[in-house]
Amino acid sequence: MDMFLQQLVNALSLGGTYALLALGLAVVFSIMGLINFAHGELMTAAGYGLIFSIMLGVPFALALPAAVLVAMLLAVLMERVAFRSVRGASGTTLLLTSFAVSAIIRVLFQNVISARPMPVPIPMALSGTIEIAGLHLGIIQAISILVTILMLVGLNLFLHGTVLGRAMRAAAEDFAIVRLMGIRANAVVATAFAISGLLAGVAGVLWVAQRGSVDPLMGFLPVLKAFIAAIIGGLGSLSGAVAGGFLLGFAEVFLQAFLPENLLSYRDAFAIVLVIAVLLYAPQGLLARKTVVKL
Amino acid sequence: MMLSLNHLPEAMLDVRSLKVAYGPVEALRGIDLRVRKGQIVTLLGANGAGKSSALNALVGLVRKKAGSVLFKGQDVASLPPERIVRMGMTLVPEGRRIFPSLSVDEHLLLGGAAHLSRGSIRGIREEMLELFPILRERLHQRAGSLSGGEQQMLAIARSMMSSPELLLMDEPSLGLAPQVVDMIFDLIVGLRDRGLTILLVEQNVSLSLEVADYGYVMANGSIVLSGTADKLRHSTEIQGAYLGA
């Protein structure tokens, strides 16, 4: 039982990170039909933001938001420089543009910063464990679960309680009509990117805090998982992305924990089989909804 | 102010040689039309004549290829929809196009939210809820759960929330039951009587000409006939083509 609860915590922590990443992808996709393959680079940017802030002598507690801010700024910059000019273009054009953005940023990281992993000095206080009701919780894991919940609640409040949030939900259903409300298309799209940067930045910081280093390719694998999560949930559906993220996190952690040792190397294969099963049963994803992607 | 008979009030909307093309296909081949303040002007024509293209181009949802659009004396031909709406011209789109997952109240709060003060939004919202009591009953329901007629009322109320002076309406009676159609037309007259100027695209030709002051008839992307509603009602072309006389 203890073992089970321990794994539950692991699953929540990993699933939460996938959920944040998948949510960031879904927010942008729901608004402009773009699958942003450069999402992983936002995570990586947050990691470098953290390292360089600490190097510059910024206290750790302030380096964290600074790192997230770096990811947000990069996301908004991406939109302004690369995606605005192809807005409304076909899905293929958008996809290829995002591949290009991803490749360019990755090469810049490799050549301008370093191709090798750079260690992140995480304060000792965060690397310990705390004991709650006989459970040993990693402090970073506990924080990551808490932060995930805060982000999900915060995003929900934003989407339902503010003009821009409502405009974003409306834009996911019919962008042209949102413009007829007098709401600037650029403001809606830029906000979507800023939010996706925020979510990727937070996920990036949590990811880096657990592994202790940053390298240029760091974002690739978790974002690949987030794509899978977003597809399981139904691309463009925000609640679907969250559900998909947690489902994938749970599948990975529990397969890792409970598969017999000789099958362990097939863990990812089992996880992918799960995805295939979901898609066979619900090809649009679990919580899909129709999206009108028109500007 | 008294106006002499031959001195008509200045046009609120003055469209000249407006052209729209989708790739090689010309949807509008250079149309001229004028809407005067306080009028209901109707744009008639068969399916595919270019009526919707005209409305969509006027509010900036469709790119114009050539021509000028003067709204209150200013050229808005190259402005994006959000700017045009803020100046006081908006569209009730064909097929209502409400946001299914948003509540009725969220629709009202969204229209005009970006450029009007909170106070005036509250005021207009209250006016709309008085004009459409059914929307007050449904205030917190998802808009997707409303009936067709209720959705049309919501679409009109949503557009009214941006406080327009000129309202373009694209087929507001489409797919509605006859009693609801009558209600929508009464409403259109009511809005005009409150000082709103309306450019109406409709398939219901006889009802449109009943409420309109002036009409244009389109065919194949051009305006082929225009005149006072009275004149059009009695023209043989209109009677032959649309009124089945």
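One structure accompanies this document, and this report is about it. (Residues numbered from 1 in each chain as written. Chains lettered and ligands numbered in written order. Predicted model: local features only at pLDDT ≥ 70, side-chain atom pairs only at ≥ 80, totals over all residues.)

### Describing the overall build of chain B
Our working rule: Working definition: helices are DSSP H or I runs of at least four residues, strands are E runs of at least two. Numbering for both runs from the N terminus. Around each residue's C-beta, the other C-beta atoms within 10 Å are counted; 20 or more make the residue buried, 12 or fewer make it exposed, and counts in between make it partly exposed. All C-beta atoms are placed from the backbone. Two residues qualify as being in contact provided that their C-beta atoms, derived from the backbone, are within 7 Å of each other.
Counting secondary structure elements, chain B contains 10 helices and 10 strands. Expressed as lengths along the three principal axes of its C-alpha atoms, the size of chain B is roughly 50 × 50 × 40 Å. Here chain B holds 245 residues, and the buried ones make up 45% of them. In chain B, the share of contacts with a sequence separation of at least 24, taken over all contacts with a separation of at least 6, comes to 66%.

### A closer look at the overall build of chain A
Put simply, the rule reads: Our radius of gyration is a C-alpha quantity, and the globule rule it is checked against amounts to 2.2 Å times the number of residues to the power 0.38.
The helix and strand tally for chain A stands at 12 helices and four strands. Scaling as 2.2 N^0.38, a compact globule of 295 residues should have a C-alpha radius of gyration of about 19 Å, and chain A matches this with 19 Å. With the C-alpha coordinates aligned to their principal axes, the bounding extent of chain A is approximately 55 × 50 × 35 Å. When the 295 residues of chain A are sorted by exposure, 46% land in the buried category. Within chain A, contacts between residues at least 6 apart in sequence are counted, and of these 76% link residues at least 24 apart.

### Things to note about the packing of helix H2 (residues 39-55) of chain A against helix H4 (residues 91-113) of chain A
Residues and elements named next belong to chain A. This is how the line gets drawn: To obtain an axis, a line is fitted to C-alpha atoms, over the contacting stretch when the element is a helix, and the angle between two such axes runs from 0 to 180 degrees between their N-to-C directions. Angles are sorted into four bins: roughly parallel if under 35 degrees, roughly antiparallel if over 145, roughly perpendicular if 65 to 115, and oblique for all others. Note on convention: near helix rotated counterclockwise from far helix by under a right angle means a left-handed crossing. Clockwise means right-handed. Side-chain classes follow a simple rule in which Ala, Val, Leu, Ile, Met, Phe, Trp, Tyr, Cys and Pro form the nonpolar group, Asp, Glu, Lys and Arg form the charged group, and the remainder, Gly included, forms the polar group.
Look at H2 against H4: their axes get within 9 Å of each other, and the N-to-C directions meet at 25 degrees. Compared by their axis directions, H2 and H4 come out roughly parallel. As H2 packs across H4, the resulting crossing turns out to be left-handed. Contacts from Gly40, Glu41, Thr44 and Tyr48 of H2 reach H4 at Ser102, Ile105, Arg106, Phe109 and Ile113. Looking at the contact of H2 with H4 residue by residue, the classes come out as four nonpolar, three polar and two charged.

### Side note on the environment of B:Leu168
All names here are of chain B. Tracing the backbone through its elements, the reader meets Leu168 in strand S7 (residues 166-170). Residues Leu168 and Thr42, spaced 126 residues apart in sequence, show a C-alpha to C-alpha distance of 9.7 Å. If near-sequence neighbours (up to four positions away) are discounted, Leu168 is found in contact with Leu55, Leu58, Val59, Leu91 and Leu199.

### Digging into the packing of helix H1 (residues 2-32) of chain A against helix H10 (residues 220-233) of chain A
Residue and element names in this part refer to chain A. Packing of H1 against H10 brings their axes to within 8 Å, and their N-to-C directions diverge by 70 degrees. It follows that H1 is roughly perpendicular to H10 by the angle criterion. Counting all contacts with H1, which are made through Thr17, Tyr18, Leu21, Ala22, Leu25 and Ala26, the residues of H10 involved are Pro222, Val223, Lys225, Ala226, Phe227, Ala229, Ala230 and Gly233.

### Focus on the sheet that holds S7(B)
Residue and element names in this part refer to chain B. Rule in force here: When DSSP finds two or more bridges between two strands, those strands count as paired.
Spatial ordering of the open sheet is given by S6-S7-S8-S3-S9-S10, a layout of six strands whose pairing is mixed. The open sheet has two edge strands with one neighbour each: strand S6 (89-92) and strand S10 (222-228). Neighbour to neighbour, the strand axes of the sheet diverge by 20 degrees on average, direction disregarded. One ladder, built from five bridges, connects S7 with strand S8 (residues 197-201); its direction is parallel. Across the sheet, Met169 pairs through a bridge with Leu200, a residue of S8. Here helix H6 (residues 148-160) sits on the sheet in contact with S6 and S7, set at roughly 170 degrees to S6.

### Considering the pairing of strand S3 (residues 40-45) of chain B
Residues and elements named next belong to chain B. Across the six residues of S3, six count as buried, placing the element largely inside the fold. As judged from the four bridges shared by S3 and S8, these two strands associate in the parallel manner. Bridging from a neighbouring strand, Ile40 pairs with Ile198 of S8.

### Description of the sheet that holds strand S2 (residues 25-36) of chain B
All names here are of chain B. Spatially, four strands are ordered S2-S1-S4-S5 in an open sheet, and the strand pairing comes out antiparallel. The sheet terminates laterally at S2 and strand S5 (74-75), the two strands that pair on one side only. Sheet analysis places strand S4 (residues 66-71) next to S5, joined by two bridges and oriented antiparallel. The residue of S5 that forms the bridge with Phe71 is Gln74.

### Details of the pairing of strand S1 (residues 11-22) of chain B
All names here are of chain B. Here S1 pairs with S2 via nine bridges, running antiparallel. Paired with Ala21 across the strands is Glu26, a residue of S2. Counted between consecutive antiparallel strands, the loop separating S1 from S2 contains two residues, among which Gly23 sits at a positive phi close to 60 degrees. Note: S1 against S4, five bridges, orientation antiparallel. Following the sheet pairing, Leu13 is matched in S4 by Phe71.

### Section: the environment of A:Gly197
Residue and element names in this part refer to chain A. Structurally, the position occupied by Gly197 is in helix H9 (residues 185-211). In this structure Gly197 comes out as buried when scored by C-beta crowding, with 30 C-beta atoms within 10 Å. Taking the C-alpha atoms as reference points, Gly197 and Val68, separated by 129 residues in sequence, lie 7.7 Å from one another.

### Looking at the interface of chain A and chain B
Chain A puts 16 residues into the contact, and the matching count from chain B is 24 residues. Secondary-structure elements contributing two or more residues to the side of chain A that touches chain B are helix H7 (163-173) and helix H8 (175-179) of chain A. Per element, the largest residue contribution to the side of chain A that touches chain B is six residues, and it comes from H7(A). Among the residues making up the side of chain A that touches chain B, the classes are represented as nine nonpolar, one polar and six charged.

What is shown is where atoms sit, not what they do.
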